[in-house]
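Given next are the chains, with one letter for each unit.
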Amino acid sequence: DAGVIQSPRHEVTEMGQEVTLRCKPISGHNSLFWYRQTMMRGLELLIYFNNNVPIDDSGMPEDRFSAKMPNASFSTLKIQPSEPRDSAVYFCASSLERTTLNTEAFFGQGTRLTVV
Amino acid sequence: EDQVTQSPEALRLQEGESSSLNCSYTVSGLRGLFWYRQDPGKGPEFLFTLYSAGEEKEKERLKATLTKKESFLHITAPKPEDSATYLCAVQGTTLTDSWGKLQFGAGTQVVVTP
């Protein structure tokens, strides 16, 4: 398996623009997570999905952030409008979770977002 | 609220010089403690999961141990390729929470010089 695939790897945008980050989880995994990493706050969970349904979005910083998972193989994280303080590395991770089996979360390579 | 504190923040080792990293945690009840390795420009890479006090796991030069309040990652005779940031994370006892809903520490940056 190719692992968790994120695109783009790097994104530079101007303040006020819409940004869309994309993620393809590992095939067969049923949970998907969006994390954000900054020097100041480290790795923080933004939102996670189970079986394509958003379960906990308490980490989403504000209404400018939204995430969708239209099917088991694709998710997006959108920021509209973007602000310089959104600059960070955004990671997507996936795992397999069932009653009798849980795997660890596997992370993608991340998207480095710079908002100028 | 779950809290994870890692120390030291940074560690510089000579090749072959063994050392330990610390991860102190505060959770209402631990479901799992995870160690990840992160190389620059890459995502965290899973190393170990520990479930209960007294448990130990090993992988090559790394050994992770767990007590009721902290975990240690021991690096034995490190090599330059062990240079990375090592992240500790906990999953608390909110049983309805996903296994992947993790509270991460800030990490320990390890540099091993030849």
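Just so you know, these numbers come straight off a predicted model, no measurement behind them. Note on numbering: residues in each chain are counted from 1, in written sequence order. The naming scheme follows written order: chains are lettered A onward, ligands numbered 1 onward. It should be noted that, the model being predicted, local features are given only for residues of pLDDT at least 70 and side-chain atom pairs only at 80 or more, the latter also being counted only at that level, while totals for whole chains, interfaces and linings use all residues. In computing side-chain properties, one takes all heavy atoms of the structure into account and sets aside hydrogens as well as water.

## Topic: the layout of surface pockets
Thought 1: Computed from the structure, the largest pocket encloses a volume of approximately 760 Å³.
Thought 2: Looking at the lining of the largest pocket, the elements with two or more residues in it are β4 (31-38), β5 (42-50) and β9 (88-95) of chain A together with β9 (84-91) and β11 (108-113) of chain B.
Thought 3: Its residues placed into classes, the lining of the largest pocket shows 12 nonpolar, 13 polar and 6 charged. A cavity here means a set of points on a 1 Å grid, drawn over the protein atoms and nothing else, where a 1.4 Å probe fits but cannot get out; a pocket is an open set with protein on both sides within 12 Å along at least five of seven lines, and a residue lines either one if it has an atom within 4 Å of a point. Grid points are joined across faces, edges and corners, and a volume is the space filled by probe spheres set on the points. Helical segments are the DSSP runs of H or I of at least four residues, strand segments are the runs of E of at least two, and each set is numbered from the N terminus. When residue character is reported, Ala, Val, Leu, Ile, Met, Phe, Trp, Tyr, Cys and Pro are called nonpolar, Asp, Glu, Lys and Arg charged, and the others, Gly included, polar.

## A word on the sheet that holds strand β3 (residues 19-26) of chain B
In any sheet, the strands associate via hydrogen bonds between backbone groups, in a parallel or an antiparallel arrangement.
Residue and element names in this part refer to chain B.
Thought 1: Only strands joined by at least two bridges in the DSSP assignment are considered to pair. Across the sheet, which stays open at both edges, the 5 strands sit in the order β1-β3-β8-β7-β6 with antiparallel pairing between neighbours. With one partner strand each, in any of the chains shown, β1 (3-7) and β6 (56-59) form the two edges of the open sheet. Geometrically, the sheet is characterised by an average inter-axis angle of 15° between neighbouring strands, direction not taken into account.
Thought 2: In this structure, β3 lies alongside strand β8 (residues 70-75), joined through 6 bridges in antiparallel fashion. Following the sheet pairing, Cys23 is matched in β8 by Ser71. Note on definitions: angles span 0 to 180 degrees between N-to-C directions of axes, and those axes are lines fitted to C-alpha atoms, for helices only across the stretch in contact.

## Overview of the environment of A:Phe49
Residue and element names in this part refer to chain A.
Thought 1: Inspection of the secondary structure puts Phe49 in strand β5.
Thought 2: Note: C-alpha distance between Phe49 and Ile79 (30 residues apart in sequence) is 18 Å.
Thought 3: Those residues in contact with Phe49, other than ones at most four positions away along the chain, are Asn30, Ser31, Leu32, Trp34, Pro54, Ile55, Ala67, Lys68, Met69 and Ser75. The criterion used for residue contact is that any of the two residues' heavy atoms lie within 4.5 Å.

## Topic: the nonpolar core
Thought 1: Residues grouped as a nonpolar core are buried Ala, Val, Leu, Ile, Met, Phe, Trp, Tyr and Cys residues, joined through side-chain atoms within 4.5 Å. Burial classes: relative accessible area under 20% of the type maximum marks a residue as buried, over 50% as exposed, and values in between as partly exposed (1.4 Å probe, protein chains only). In terms of nonpolar packing, the biggest core is built from 23 residues, with B:Leu33, B:Trp35, B:Leu73, B:Tyr86 and B:Val110 touching the most fellow members.
Thought 2: Per-element tally for this core: the top contributor is β9(B), with 4 residues.
Thought 3: Among the nonpolar cores identified, the runner-up in size contains 21 residues, and A:Leu21, A:Ile47, A:Ile79 and A:Val115 belong to it.

## What to know about unusual backbone geometry
Thought 1: The peptide bond linking A:Gln80 to A:Pro81 adopts the cis configuration, its omega dihedral lying at -5°.
Thought 2: Tracing the chain through its elements places A:Pro81 in the loop between β8 (74-79) and β9.
Thought 3: Here the bond from B:Ser7 into B:Pro8 is cis, since omega is -10°, no more than 30 degrees from zero.
Thought 4: Looking at the secondary structure, you find B:Pro8 in the loop between β1 and β2 (10-14).
Thought 5: Unlike most non-glycine residues, A:Asn51 shows phi in positive territory, near 50°.
Thought 6: Structurally, the position occupied by A:Asn51 is in the loop between β5 and β6 (53-56).
Thought 7: Phi at A:Asn52 is positive, roughly 75°, even though this residue is not glycine.

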